[in-house]
Amino acid sequence: LPIQESKRERRREPRYRTLNRIVPVTVDGRAGFDAKILDVSRSGVRIKTRQAIAKDCRLVIQLDHLEVEGSVCYCEHNPDGTFDVGVRIFGLWSA
């Protein structure tokens, strides 16, 4: 089911919750880290990480036999010390 949109929501597409799957992420071609996928839409994905990622960094998210490539739109610090990172998807490839 789609996530209910707030009045501030600017997305043009619905976003869908995931099962909070942990996936490997590579940042700007360097060794990466694990991230939790929070929700997805047709053009983006929101992940939770333990480290900040700068806006416009390129990411590759590994999903089974699929690589999702995108760039960071925002990175918000959470009270628990984690970061919610919005990623705009611009490519999908078989791994």
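Residues numbered from 1 in each chain as written. Predicted model: local features only at pLDDT ≥ 70, side-chain atom pairs only at ≥ 80, totals over all residues. Heavy atoms only, no water.

Draft legend 1. Seen up close, the overall build of the chain. Helix and strand counts for the chain stand at zero helices and seven strands. From first element to last, N terminus to C terminus, the chain shows the α and β order β-β-β-β-β-β-β. In the chain, which comprises 95 residues, the share counted as buried stands at 35%. Across the chain, the fraction of contacts at a sequence separation of at least 24, relative to all contacts at a separation of at least 6, is 42%. Here the chain has roughly 6700 Å² of accessible surface; of this, 49% comes from carbon and sulfur atoms. (Helix = DSSP H or I, 4+ residues; strand = E, 2+ residues; numbered from the N terminus. Buried < 20%, exposed > 50% of the residue type's maximum accessible area, 1.4 Å probe, protein only. Contact = heavy atoms within 4.5 Å. Areas by Shrake-Rupley, 256 points an atom, 1.4 Å probe, with all protein chains shown as cover.)

Draft legend 2. Geometry of the nonpolar core. Counting 17 residues, the largest nonpolar core has V25, V27, I47, I53, L59, I61 and V85 as its most contacted members. Mapped by element, the contributors of at least two residues to this core are β2 (22–27), β3 (30–40), β4 (44–49), β5 (58–63), β6 (66–77) and β7 (83–94). Non-local contacts of V25, meaning those with residues more than four positions away in its chain, are made with G32, F33, A35, I47, L59, V60 and I61. (Core = buried A, V, L, I, M, F, W, Y, C linked by side-chain atoms within 4.5 Å.)

Draft legend 3. Structural context of the side chain of D39. Structurally, the position occupied by D39 is in strand β3. Within the structure, the side chain of D39 is placed 2.8 Å from the side chain of R46, a separation counted as a polar contact. (Polar contact = N/O pair within 3.5 Å; in protein donor to acceptor, adjacent residues only side chain to side chain.)

Draft legend 4. Representation of the confidence of the model for the chain within the structure. Averaged over all residues, the pLDDT of the chain is 86; the fraction at 70 or higher stands at 88%. Across the chain, element-level confidence peaks in β6 with a mean pLDDT of 95 and bottoms out in strand β1 (residues 16–17) with 78. The model gives residues 1–8 a pLDDT under 50, and that stretch makes twelve contacts with residues more than four places away or in other chains. (pLDDT = per-residue confidence, 0-100.)

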